Amino acid sequence: MKNSTPFCVKRYKSLLFAAAVEQIVEVLVIASDSIISGLILNEEALAALTLVNPIFLTLTFLSMVVTYGTEILFPYEVGKMNLKKANEYFSQSCIVSVILGVLFFTLVSLFKDAFFSYMEINGEVLEYADTYLSMVKWAYLIAPIADTMGSMIYVDGDELISTISNAYLIIGNIGASITLTFFLGIKGMAMGTLIGYMGSSLINFCHFFRKNCTQRFAWHFSFKDLLHVSKFSIVDSLVFVLTGIISLFVQKIILENYGETFIPVFSVFITVIELTLVFDCVGSANSPILSVFRGEGNSRGIKEVFISSLKTALVLGAIIMLLVFFTAPFLPSLCGIENPEVYQASVKAIRIGCPSMIALSLLFVITSYYLSIEKIGLSIFITLLKDCIPTLLCILIFSKFMGLSGIWFGFATGPWIALAISILFVKLAYKNQDFPYLIKNHDANIFSWSFYIEDSEVVKVRDAADKVLTEHNINPKSKNKILVLIEEALMLIKDKNPGKKVYAECTIMLEDKIKIVFRDTGIIFDMTDTDSEISSFRGFFVSSLMEHYSDKAHLTTTSYDRNVFRETIIQL
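Q: Before we move on, can you summarise the overall build of the protein with the specific residues and values?
A: Counting its secondary structure elements, the protein contains 19 helices and 5 strands. In terms of C-alpha radius of gyration, the protein reaches 26 Å, essentially the compact-globule figure of 25 Å for 572 residues. The dimensions of the protein, computed from C-alpha atoms along their principal axes, are 85 × 50 × 45 Å. When each of the 572 residues of the protein is scored for burial, the buried share is 59%. Restricting the contact set of the protein to residue pairs at least 6 apart, pairs at least 24 apart contribute 80%. Taken as a whole, the protein presents about 23400 Å² of accessible surface, with 64% of it coming from carbon and sulfur. Averaging the positions of the 45 positive and the 52 negative side-chain charges in the protein gives two centres separated by 8 Å.

Q: Account for the pattern of salt bridges, naming residues and giving values.
A: Scanning the model with the defined rule gives 14 salt bridges in all. Residue Glu88 is joined to Lys84 by a salt bridge in which the shortest nitrogen-to-oxygen separation is 2.9 Å. Here Glu88 pairs with Lys84, and both are found in helix H3 (residues 83–119), just 4 residues apart, close to one helical turn. Lys84 gets classed as exposed once you look at its relative accessible area, which sits at 62%. The shortest N-O distance in the salt bridge between Asp434 and Lys303 comes to 2.8 Å. Here Lys303 lies in helix H10 (residues 299–327) and Asp434 lies in the loop between helix H16 (404–429) and strand E1 (446–452), a separation of 131 residues in the sequence. On the basis of relative accessible area, Asp434 is assigned to the partly exposed category, the value being 24%.

Q: Can you explain the confidence of the model for the protein? Please cite residues and give values.
A: The pLDDT averaged across the protein works out to 83; a share of 96% of its residues lies at or above 70. The secondary structure element of the protein with the lowest average pLDDT is helix H1 (residues 7–40), at 74, and the one with the highest is H16, at 93.

Q: Hey, could you go over the environment of Ala359 for me, with residue numbers and the actual values?
A: Secondary-structure assignment places Ala359 in helix H13 (residues 356–372). Residue Ala359 is classed as buried on the basis of its relative accessible area of 0%. Each C-alpha atom of the pair Ala359 and Leu314 lies 8.4 Å from the other, and the pair is 45 residues apart in sequence. With residues near it in sequence (within four places) discarded, Ala359 still touches Pro415, Trp416 and Leu419.

Q: Describe the pairing of E1, naming the residues involved and giving the relevant values.
A: Buried residues dominate E1, accounting for 5 of its 7 residues. Where E1 meets strand E2 (residues 503–510), 7 bridges bridge the pair, whose relative direction is antiparallel. Bridged to Phe451 within E2 is Ala504.

Q: Outline the packing of aromatic side chains, supporting the account with residue identities and numerical values.
A: For the structure on display, the rule yields 18 aromatic pairs. Here Phe306 and Tyr437 contribute two aromatic rings whose centre-to-centre distance is 6.1 Å and whose plane-to-plane angle is 80°, an arrangement assigned as edge-to-face. Taken together, the residues span a long stretch of sequence, with Phe306 in helix H10 and Tyr437 in the loop between H16 and E1 at a distance of 131 residues. The same class applies to Phe306 as to Tyr437, namely buried. Its end group placed over the ring of Phe364, Lys386 keeps NZ or CZ at 3.9 Å from the ring centre.

Q: Outline helix H4 (residues 123–155), listing residues and values.
A: If you check H4, its first and last C-alpha atoms are 46 Å apart, about what 33 residues at 1.5 Å a residue would give, namely 48 Å. The sharpest bend along H4 comes to roughly 40°, located at Ile142, with the proline Pro144 sitting one to four residues further on. Of the residues one or two after H4, Gly157 is the one with positive phi, at around 90°.

Q: Give a description of the nonpolar core that names residues and reports values.
A: Among the nonpolar cores identified, the biggest contains 125 residues, and Tyr140, Ile254, Tyr369, Tyr370, Ile407, Trp408 and Phe411 are the most heavily contacted of them. With 16 residues, the top contributor of residues to this core is helix H2 (residues 43–79). Apart from the residues within four sequence positions on either side, Tyr369 is in contact with Leu290, Ile302, Phe306, Pro436, Tyr437 and Ile439. Residues Ile453, Ala464, Leu485 and Leu545 belong to the second largest nonpolar core, which totals 35 residues.

Q: Describe in detail the pairing of E2, supporting the description with residues and values.
A: Counting buried positions along E2 gives 8 out of 8 residues, so the element sits mostly inside the fold. Both faces of E2 are covered, namely the face carrying Tyr503, Glu505, Thr507 and Met509 and the face carrying Ala504, Cys506, Ile508 and Leu510. Across 7 bridges, the pairing between E2 and strand E3 (residues 513–520) is antiparallel. Residue pairing for E3: Thr507 is matched across the bridge by Val517. Connecting the antiparallel pair E2 and E3 is a turn made up of 2 residues.

Q: I'd like a rundown of unusual backbone geometry, residues and numbers included.
A: Negative phi is the rule for most residues except glycine; trans is the rule for most peptide bonds. The step from Phe435 to Pro436 runs through a cis peptide bond, and the omega angle for that step is 0°. Considering the arrangement of structural elements, one finds Pro436 in the loop between H16 and E1. The phi angle at Leu438 is positive, at roughly 60°, despite the residue not being glycine. Considering the arrangement of structural elements, one finds Leu438 in the loop between H16 and E1.

Q: Go over the environment of Ile366 with me, naming the residues and quoting the values.
A: Residue position: Ile366 is located in helix H13. Overall, the relative accessible area of 13% leaves Ile366 in the buried class. In this structure, Ile366 is in contact with Leu310, Ile382 and Leu419, ignoring residues within four places of it in sequence.

Q: How would you explain the packing of H13 against H16 if you had to name every residue and give the values?
A: At their nearest, the axes of H13 and H16 sit 8 Å apart, and the two run at 40° to each other. By the angle class used here, H13 and H16 are oblique. H13 and H16 meet at a crossing whose hand is left-handed. Between H13, through Ser356, Ile358, Ala359, Leu360, Leu362, Leu363, Ile366 and Tyr370, and H16, the contact on the second element is made entirely by Phe411, Ala412, Pro415, Trp416, Ala418, Leu419, Ser422 and Val426. Classifying every residue of the contact of H13 with H16 by side-chain character gives 14 nonpolar, 2 polar and no charged.

Q: Kindly report on helix H5 (residues 159–184), identifying the contributing residues and their values.
A: An α-helical segment advances 3.6 residues per turn. Residues three or four places apart therefore align on the same side. Taking 1.5 Å of rise per residue, the 26 residues of H5 would be expected to cover 38 Å, and the 36 Å separating its terminal C-alpha atoms lies within 8% of that figure. Turning to H5, its buried residues number three or more, namely Glu159, Ile161, Ser162, Ser165, Asn166, Leu169, Gly172, Asn173, Ile174, Ala176, Ser177 and Thr181.

Q: Give a description of the environment of Gly410 that names residues and reports values.
A: One can find Gly410 in helix H16. The buried category is assigned to Gly410, whose relative accessible area is 0%. For the pair Gly410 and Leu393, spaced 17 residues apart in the sequence, the C-alpha separation amounts to 7.6 Å. Not counting residues within four places of it along the chain, the set of residues in contact with Gly410 comprises Thr391, Cys394, Ile395 and Phe398.

Conventions used here
- Residues numbered from 1 in each chain as written.
- Predicted model: local features only at pLDDT ≥ 70, side-chain atom pairs only at ≥ 80, totals over all residues.
- Heavy atoms only, no water.
- Helix = DSSP H or I, 4+ residues; strand = E, 2+ residues; numbered from the N terminus.
- Rg over C-alpha atoms; globule rule 2.2 N^0.38 Å.
- Buried < 20%, exposed > 50% of the residue type's maximum accessible area, 1.4 Å probe, protein only.
- Contact = heavy atoms within 4.5 Å.
- Areas by Shrake-Rupley, 256 points an atom, 1.4 Å probe, with all protein chains shown as cover.
- Lys, Arg positive; Asp, Glu negative; His and termini not counted.
- Charge placed at Lys NZ, Arg CZ, Asp CG, Glu CD.
- Salt bridge = Lys/Arg side-chain N within 4 Å of Asp/Glu carboxyl O.
- pLDDT = per-residue confidence, 0-100.
- Pairing = 2+ DSSP bridges.
- Phe/Tyr/Trp six-rings, centres within 6.5 Å; stacked < 30°, edge-to-face > 60°.
- Lys NZ or Arg CZ within 6 Å of the ring centre and 35° of its normal.
- Expected span 1.5 Å × (residues − 1).
- Bend = angle between axes of the 7 residues up to and from the residue.
- Core = buried A, V, L, I, M, F, W, Y, C linked by side-chain atoms within 4.5 Å.
- Axes fitted to C-alpha atoms, helices over the stretch in contact; angles between N-to-C directions.
- Parallel < 35°, antiparallel > 145°, perpendicular 65-115°, else oblique.
- Left-handed = near helix turned anticlockwise from the far one by under 90°.
- Nonpolar A, V, L, I, M, F, W, Y, C, P; charged D, E, K, R; others polar.

Written out as structure tokens, the structure is:
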């Protein structure tokens, strides 16, 4: 039992796979049009998509403002056992997403010509860009609500529907885009994006008919709640705005100094840089768990998940860096680059820029963590460092002395400078707080055991809890009541899952009351419900025991069973 993987870490790793699939899909969806346009059409089509990419990034920013904060606040309220408020956040995000889709569709329809004029696009590139936007705006209409549904289903712990939906988004979007591009050109590519969003939305909708779904739609809108959500959303959504700014800035430098010929170099490079969105899978996986623990006041669980996330980020960053470095000669060809000079410049750019991957991976986790614990200002500051200020300055300085290569050196060094500044700033600015966690340390009053439910393990947990309660001078009557609860509740979970190995956690928190939390991977059932159907003597005994706990609650949390009890502390 001592060497068992903590339940929260095990659950984080389980969610990590679905989160990784989701982020990989997002990267592929973003990159697919560039790759398809380069392979099937030509470099002018590739340049057109790169030039209109800031429009998509702006939509993603606005969509993230609505959704990401809800991804944090929904599980936080669930952690506090306040499902009504959690569903109000969920419902509001759906309503605002629909409004946002209509608004963005209208703006693109009215102002795309003004955008083309500002970017000074002309000729064949202009024709491609205009045709693409005229069709893809219909995908923009449903993209916000599709993204919201996908994110919230994942937060609710439905890895199955999330994975199926994302798999379809790859097959449906890319498959339809390739097929239709052969017949309709760049217009067909945009139609493929629309088909992908529509299909994945229909699959996601199935989640709301599943037994484990805790999300219920209710008409709710509050400016106060919207502002509260936006506080948490601003960090991740800001990434897309800053990426758009950097993209416009670099494109202007290239157009003014090297001409349209080298825009495809940046197209290939930015497609590779977009791989860094995969790093957000770590934050997406740990965020629901961190929010639940924050709602519970479980500092020990928060720290365990954060440390595990940093280790994942380090390994993931190194893997992506090596993968990009060694596959660099193949990536320009994947985007349809045929010009030898542009090809060589693209390979060089990719290899110069790839060392930034490790720093970016760690920064993604750090910003996500500080956002989850409500250090919003700090998270925004680190995001500005990660995605803009040092990189922008490095690009400006290096491009003056090194030409086109200086741009890629700027992308390579900026994130490392950002990481160094971030660590130093947190260390100095929060020197009186628990570095790097920056949370109130209640570890001394939190005791947790993770294990597979077996008779011998249950006895060990009961005895360990007995020792903890005795050491903290808890009255024998209260102590025995808690020990009986622990043993019988865990054995009831085992009885409810015959023939299945159930992983569980029992946590005791010594607060103003003693809080006992059970989590398990077995079937969902509410042991706190005294009116539930009784099918065994143990079920009858536990139901009778519930009569002695007025402060109790059950709530499915990211698809696992969670029962919480509180017992008044009576010390000797």
